[in-house]
Amino acid sequence: MKHTDFLVIGSGIAGLSFALKASKYGSVCLVTKDVVQETSTRYAQGGIAAVMYHPDTYEKHIEDTMIAGHELSDPEIVRITITESTDRVKDLIDWGVDFDKNPSGKYDLAREGGHSEFRVLHHKDITGLEIQKKLYEKAKNEANIKILEKYFAVEIITQHHLGISITKHSTDIDCYGAYILNPHTNKIDTILAKTTILATGGIGNVYSNTTNPAVSTGDGIAMVHRAKGVIRGMEFVQFHPTTLYNPSERPSFLITEALRGEGAILKDFHGNSFMEKYDPRGSLAPRDIVARAIDHELKISGEKHVYLDAKKINKTVFFNHFPTIYSKCLSVGIDATKDLIPVVPAAHYSCGGILTDPWGCTNIRNLYALGECASTGLHGANRLASNSLLESLVFSHRACEHASQKINSIDFIEGIKDWNAEGTISNEEKILITESTRELQSIMSYYVGIVRSDLRLERALKRINIIYQETETLYQQSIITQQICELRNMICTAYLIIKEAMKRKESLGLHYSIDYPPKTD
Ligand code: FAD
Ligand code: SIN
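All values derive from a computational prediction rather than experimental measurement.

Enquirer: Any chance you could explain the environment of Met-502 here in plain terms?
Expert: Tracing the backbone through its elements, the reader meets Met-502 in helix 15 (residues 482-503). Considering only alpha carbons, one finds Met-502 and Arg-452, 50 residues apart in sequence, at a separation of 9.7 Å. Ignoring any residue separated from it by four or fewer positions in sequence, one finds Met-502 in contact with Leu-457, Glu-458 and Leu-461.

Below, the structure written as structure tokens:
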């Protein structure tokens, strides 16, 4: 049994930035299920939205965020996030993150869909990699931070593990740490913590096509759901409109929206610009609108992709700002300065997640949720581009302020039993897991994608229930592996998306149903 003041699960921007701040107040144990660098954060291209210079103002960024979120965002959370943006970007700069500057020495700000101003700080088109590298360099040199790579969090520990019954109506659930699969022994370690932080990222892998790396399987959300914590907003899954059409590639390679901010235009199979038919903001309309428009174009044309025309972008700007996109396209035979880029939407971001308050606290005591796995209230029914790296930083900072004040008054729990693996056997048939995963992804993509209906959701639920029953039986009998836990977590996440989508009897933002509003005669 191990003990730590802060147990951080996840090594993306949320986990690392929290760990760096918390290490001033106590011992930090950071566990991550792959190598530290394998996160969604690492793949972020466009950058981080923040108010830096006139003519931009906090009020404009707040308004853009509320409009993109279809007014479902929590106004208090939006104000907190935006007004703290400048300070949190300064933290990144202090940690060594190098944002591009223009010749006058000011930060070079890009623009993306739904933004009324240029306000996205970036490091070429690999902003996430720059952030991930600099935060990791800092964290690995902090004496108070211990990093456990390839350790997999299986469950958070609550009163349930003391034999006390808890239900979703319990108001006094406590978190005492987590059970973690140790890759060296293949056994489950018990890590007790005064404070536990879930920073487990997104859910993209419940769909067949996603921009997310393989680690994004909704683990934190599923763990909290099983522990009777509150999850909300899961129906709002954001599909990024433009990923490179290259069917054999997983994850899908993103073509940043900042390219459209520089003037790239979406075109149909005949080379005609089509976004004007759907929204006066054209190719730079918010993502829910653009992704749905592309989906519609594909359905009426029967084609497999549309195009992005970036040929008008100045070549020097292209090579300086988007070198990775340029070389990626070239590697599949497309010269993006001369050819049209084939693009399709792919699952990208979960606007919903574990419900948190303005300090990152969940409804489970001493459990915080940060980054993409959290639902702070910032995104409402649709996230404004490049607001998520910012959200991770703002709430990691606030959670650390909150947790550090309490840390000395919390005691470690006693009486927690080690994980009981009695009666389980090694599951030799990995095919059962890979096939169920593929089935789940296909169900979610066909029935719970960009466009939904009551009938499709009902079908999806029935089919997911079958996979759920089969997987639970397998799980109860098997020695625990990361693969079976991930499948279980993806099933749980899919279930939450479908259930919340079924409850929402309207089309709003990222949840679009052909049944709402109901058609009249
Ligand atoms: P992540 O960075 O995904 O980290 C999650 C961590 O949790 C990983 O270390 C993972 O291994 C770990 N983990 C998960 N489950 C477990 C478990 N059971 N046990 C142990 N460890 C676990 N947002 C922007 O604001 N601007 C952008 O330009 C932008 N571009 C993007 C481009 C791409 C291709 C993608 C995929 C996303 C992009 N986003 C962007 C979204 C943004 O990158 C993510 O929302 C953000 O990085 C999430 O950070 P995070 O720390 O919450 O999660
Ligand atoms: C992009 O660069 O288009 C992604 C930005 C984001 O997801 O916020």
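So that's the structure; there's more coming.
Enquirer: Can you walk me through the packing of aromatic side chains in this structure?
Expert: Enumeration over the complete set of coordinates arrives at nine aromatic pairs. With a centroid separation of 5.8 Å and an interplanar angle of 70°, the aromatic rings of Phe-318 and Phe-322 are classed as edge-to-face. The pair formed by Phe-318 and Phe-322 is uniform in burial state, with each residue classed as buried. For the pair Phe-319 and Tyr-326, a centre-to-centre distance of 4.8 Å together with 80° between the ring planes defines the contact as edge-to-face. The class of Tyr-326 is buried, set by a relative accessible area of 17%. Here the aromatic residues Phe-318, Phe-319, Phe-322 and Tyr-326 are joined through ring pairs into a cluster of three or more. The aromatic ring of Tyr-136 is capped on one face by Lys-140, whose charged end is 4.7 Å from the ring centroid. In this structure, Arg-398 is placed above the aromatic ring of Trp-359, and the distance from its NZ or CZ to the ring centre is 4.1 Å.

Enquirer: I keep staring at the sheet that holds strand 12 (residues 306-309) and nothing clicks. Help me out?
Expert: The strands that make up a sheet pair up through hydrogen bonds in the backbone, lying either parallel or antiparallel. Strand order in this open sheet of four strands is 10-13-12-11, and the pairing throughout is antiparallel. Looking along the sheet, the strands with just one partner apiece sit at the ends: strand 10 (237-244) and strand 11 (265-267). In this sheet, neighbouring strand axes are inclined to one another by 45° on average, regardless of whether the strands run parallel or antiparallel. Summarising the sheet, strand 10 and strand 13 (residues 341-350) pair through six bridges and their orientation is antiparallel. The partner of Thr-243 across the bridge, within strand 13, is Val-344. In the packing of helix 9 (residues 287-301) onto the sheet, contacts are made with strand 10, strand 11, strand 12 and strand 13, and the angle to strand 10 comes to roughly 60°.

Enquirer: What should I look at first to understand the pattern of salt bridges in this one?
Expert: Pairing is possible between side chains that carry opposite charge, provided their charged atoms lie close to one another. Taken as a whole and assessed by the stated rule, the structure comprises 30 salt bridges. Among the salt bridges present, the one from Glu-486 reaches Lys-33, with a minimum N-O distance of 2.7 Å. Of this pair, Glu-486 sits in helix 15 while Lys-33 sits in the loop between strand 2 (28-32) and helix 2 (40-43), placing them 453 residues apart in sequence. The pair formed by Glu-486 and Lys-33 is uniform in burial state, with each residue classed as buried. One salt-bridge network, held together by shared partners, links Glu-112, Glu-257, Arg-260 and Arg-287.

About the cut-offs
Residues numbered from 1 in each chain as written. Chains lettered and ligands numbered in written order. Predicted model: local features only at pLDDT ≥ 70, side-chain atom pairs only at ≥ 80, totals over all residues. Heavy atoms only, no water. Helix = DSSP H or I, 4+ residues; strand = E, 2+ residues; numbered from the N terminus. Contact = heavy atoms within 4.5 Å. Phe/Tyr/Trp six-rings, centres within 6.5 Å; stacked < 30°, edge-to-face > 60°. Buried < 20%, exposed > 50% of the residue type's maximum accessible area, 1.4 Å probe, protein only. Lys NZ or Arg CZ within 6 Å of the ring centre and 35° of its normal. Pairing = 2+ DSSP bridges. Axes fitted to C-alpha atoms, helices over the stretch in contact; angles between N-to-C directions. Salt bridge = Lys/Arg side-chain N within 4 Å of Asp/Glu carboxyl O.

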